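Report on the structure
In case you want the letters, here they are:
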Amino acid sequence: NLQDSTCESYFETLLNDFEDYLPTYYISGEYYYNQEQYEKAMSILQKGLTVAEKAGNTKTYNEIKNLLVNVEMES
């Protein structure tokens, strides 16, 4: 699907070129979770946890962690 490949391309760009932009981790993790690509979602979310912890952003850390728990339960 062209829309999915475009979306994934944007996520890859953001994750690679703007690693400190926290919203990308949750949104892209949720996207891959909904696509049932659980391994990819977990990888992204785990990295997001590291970035959020490094930034001292507890709220985003907890949001990412909650989504990660859901993904782990599905995989």
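Residues numbered from 1 in each chain as written. Predicted model: local features only at pLDDT ≥ 70, side-chain atom pairs only at ≥ 80, totals over all residues. Heavy atoms only, no water.

1. Re the pattern of salt bridges
Rule in force here: Only one rule defines a salt bridge in this text: a Lys or Arg side-chain nitrogen within 4 Å of an Asp or Glu carboxyl oxygen. The way it works is that DSSP assigns letters per residue, a run of H or I at least four long becomes a helix, a run of E at least two long becomes a strand, and they are numbered from the N terminus. Think of it in three bands: residues with accessible area under 20% of the maximum for their type are buried, residues over 50% are exposed, and the middle band is partly exposed, with areas taken using a 1.4 Å probe on protein chains only.
Inspection of the entire model under this criterion finds three salt bridges. Lys-47 is the salt-bridge partner of Glu-19, the closest N and O atoms lying 3.6 Å from each other. One end of the pair, Glu-19, is in the loop between helix H1 (2–17) and helix H2 (23–34); the other, Lys-47, is in helix H3 (residues 38–55), and 28 residues separate them in sequence. Residue Lys-47 is classed as partly exposed on the basis of its relative accessible area, which comes to 36%. Glu-63 is paired through a salt bridge with Lys-59; the nearest N and O atoms lie 2.9 Å apart. One end of the pair is Glu-63 and the other is Lys-59, both in helix H4 (residues 58–74) and four residues apart, which spans about a single turn. Residue class for Glu-63 comes out partly exposed when judged on its relative accessible area of 33%. By relative accessible area, which is 59% here, Lys-59 ends up exposed.

2. Digging into the packing of aromatic side chains
Note the threshold: The criterion for an aromatic pair is that two Phe, Tyr or Trp rings (for Trp, the six-membered ring) have centres within 6.5 Å, with stacked assigned to planes under 30 degrees apart, edge-to-face to planes over 60 apart and tilted to the rest.
Within the structure shown, the criterion is met by four aromatic pairs. Aromatic side chains Phe-11 and Tyr-31 sit 5.4 Å apart centroid to centroid with 55° between the ring planes, which places their arrangement in the tilted category. One end of the pair, Phe-11, is in helix H1; the other, Tyr-31, is in helix H2, and 20 residues separate them in sequence. In terms of burial, Phe-11 and Tyr-31 fall into one category: buried. Relative to Tyr-38, the ring of Tyr-33 lies with its centre 6.0 Å away and its plane at 55°, an arrangement referred to as tilted.

3. Concerning H4
The test is simple: Working rule for helices: expected span equals 1.5 Å times residues minus one. Regarding the arc, it is the one traced by the directions from the helix axis to the C-beta atoms. Residue contacts are counted whenever heavy atoms from the two residues lie within 4.5 Å of one another.
In this model, H4 (17 residues) spans 25 Å end to end at C-alpha, consistent with the 24 Å of a helix rising 1.5 Å per residue. Along H4, the residues classified as buried are Thr-60, Ile-64, Leu-67, Leu-68 and Val-71. Down the axis of H4, the sector holding all buried residues measures 110°, keeping them to one side. Looking at H4, the residues exposed on the side facing more than 90 degrees away from the buried face are Thr-58, Lys-59, Asn-66 and Met-73. In this fold, the buried residues of H4 make contact with H2 and H3.

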